[in-house]
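# Observations on chain architecture
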Amino acid sequence: MNFLIINGPNLNLLGVREKSIYGEVSFETYFEELKKMYGKIQLEYYQSNIEGELINEIHRVGFDYDGIILNAGAYTHTSVALGDAISAVNAPVIEVHISNIHKRESFRGKTMIGKDCIGTIAGFGLDSYRLAVEALLSRLD
C-alpha cells in the first residue's frame, strides 16, 4: 500500500511556529515515528508552500496510490483548484488539520476541499495524521 501525506503552506515550520497551536515537534520528526508505526505500508511525504505544486503532486499520485492525506493549510479555506484536483483523481483523500479549525477564526471553519474528500480529521494535533492513516487502512480492508 502506498499513501502520500501532503502538507501545504507554512507547515514546513511545524515545531517552530505558533507552538501553542501546532506543538513543538517538526513534521519530519513526527513522520519518522509514523513510518516506524506503519512499517508494512509505504508512506511518503511532500510539502510545498505553492498551490500549483500541491495540485501537481495530487495529479502525480492520484491514479496510482492507495490514499492521500492532505493538510492544505490556509489553502483549505481558499482553493477551489485543490478541490478540483481531488475530484479529478481516483485515490481517496482525507483532509487533515492539526488544530480544530472550528474553534479558531470563523473563516477557518469553511473548507473549500472538504466536499471532495472522503472525510476530515481535525483537532488531534499531529496525531490527526495517524488517525487518517488508520481511516485509509480501514477503508481498504
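Reference entry: report on the structure contained in this document. On a predicted model such as this, the values are computed, not experimentally measured, just so you know. (Residues numbered from 1 in each chain as written. Predicted model: local features only at pLDDT ≥ 70, side-chain atom pairs only at ≥ 80, totals over all residues. Heavy atoms only, no water.)

## Quick notes on helix α2 (residues 27-37)
Of the residues making up α2, those classed as buried are Phe-27, Tyr-30, Phe-31 and Leu-34. Angular distribution of buried residues about the axis of α2 spans 100°; they occupy a single face of the element. In this structure, the buried residues of α2 make contact with β1 (2-7), β2 (42-47) and α5 (127-140). (Buried < 20%, exposed > 50% of the residue type's maximum accessible area, 1.4 Å probe, protein only. Helix = DSSP H or I, 4+ residues; strand = E, 2+ residues; numbered from the N terminus. Arc of directions from axis to C-beta. Contact = heavy atoms within 4.5 Å.)

## Quick notes on the packing of α2 against α5
Running from N to C, α2 and α5 point in directions that differ by 30°, and their axes come no closer than 10 Å. Two packed elements cross with a definite hand, and for α2 against α5 that hand is right-handed. Of the residues in α5, those touching α2 at Phe-27, Tyr-30, Leu-34 and Met-37 are Asp-127, Tyr-129, Arg-130 and Val-133. The class makeup of the residues in the contact of α2 with α5 is six nonpolar, no polar and two charged. (Axes fitted to C-alpha atoms, helices over the stretch in contact; angles between N-to-C directions. Left-handed = near helix turned anticlockwise from the far one by under 90°. Nonpolar A, V, L, I, M, F, W, Y, C, P; charged D, E, K, R; others polar.)

## Notes on α5
Compared with the 20 Å implied by 1.5 Å per residue over 14 residues, the 20 Å span of α5 between its first and last C-alpha is a close match. Within α5, the full set of buried residues consists of Ser-128, Tyr-129, Ala-132, Val-133, Leu-136 and Leu-137. In the core, the buried residues of α5 are packed alongside β1, α2, β2, β3 (67-71), β4 (93-97) and β5 (119-122). (Expected span 1.5 Å × (residues − 1).)

## Considerations on the environment of Leu-140
You can see Leu-140 is positioned in helix α5. Separated by 130 residues in sequence, Leu-140 and Asn-10 place their C-alpha atoms 31 Å apart.

## Brief notes about the packing of aromatic side chains
Geometrically, a pair of aromatic rings is defined through the distance of the ring centres and the angle of the planes. By the definition in use, this model includes six aromatic pairs. Of the aromatic side chains, those joined through ring pairs into one cluster are Phe-27, Tyr-30, Phe-31, Tyr-45 and Tyr-129. (Phe/Tyr/Trp six-rings, centres within 6.5 Å; stacked < 30°, edge-to-face > 60°.)

## A few points about unusual backbone geometry
Although it is not a glycine, Asn-10 adopts a positive phi angle of roughly 70°. Among the secondary structure elements, Asn-10 is positioned in the loop between β1 and α1 (19-22). Relative accessible area serves as the criterion here: at 38%, Asn-10 is assigned to the partly exposed category.

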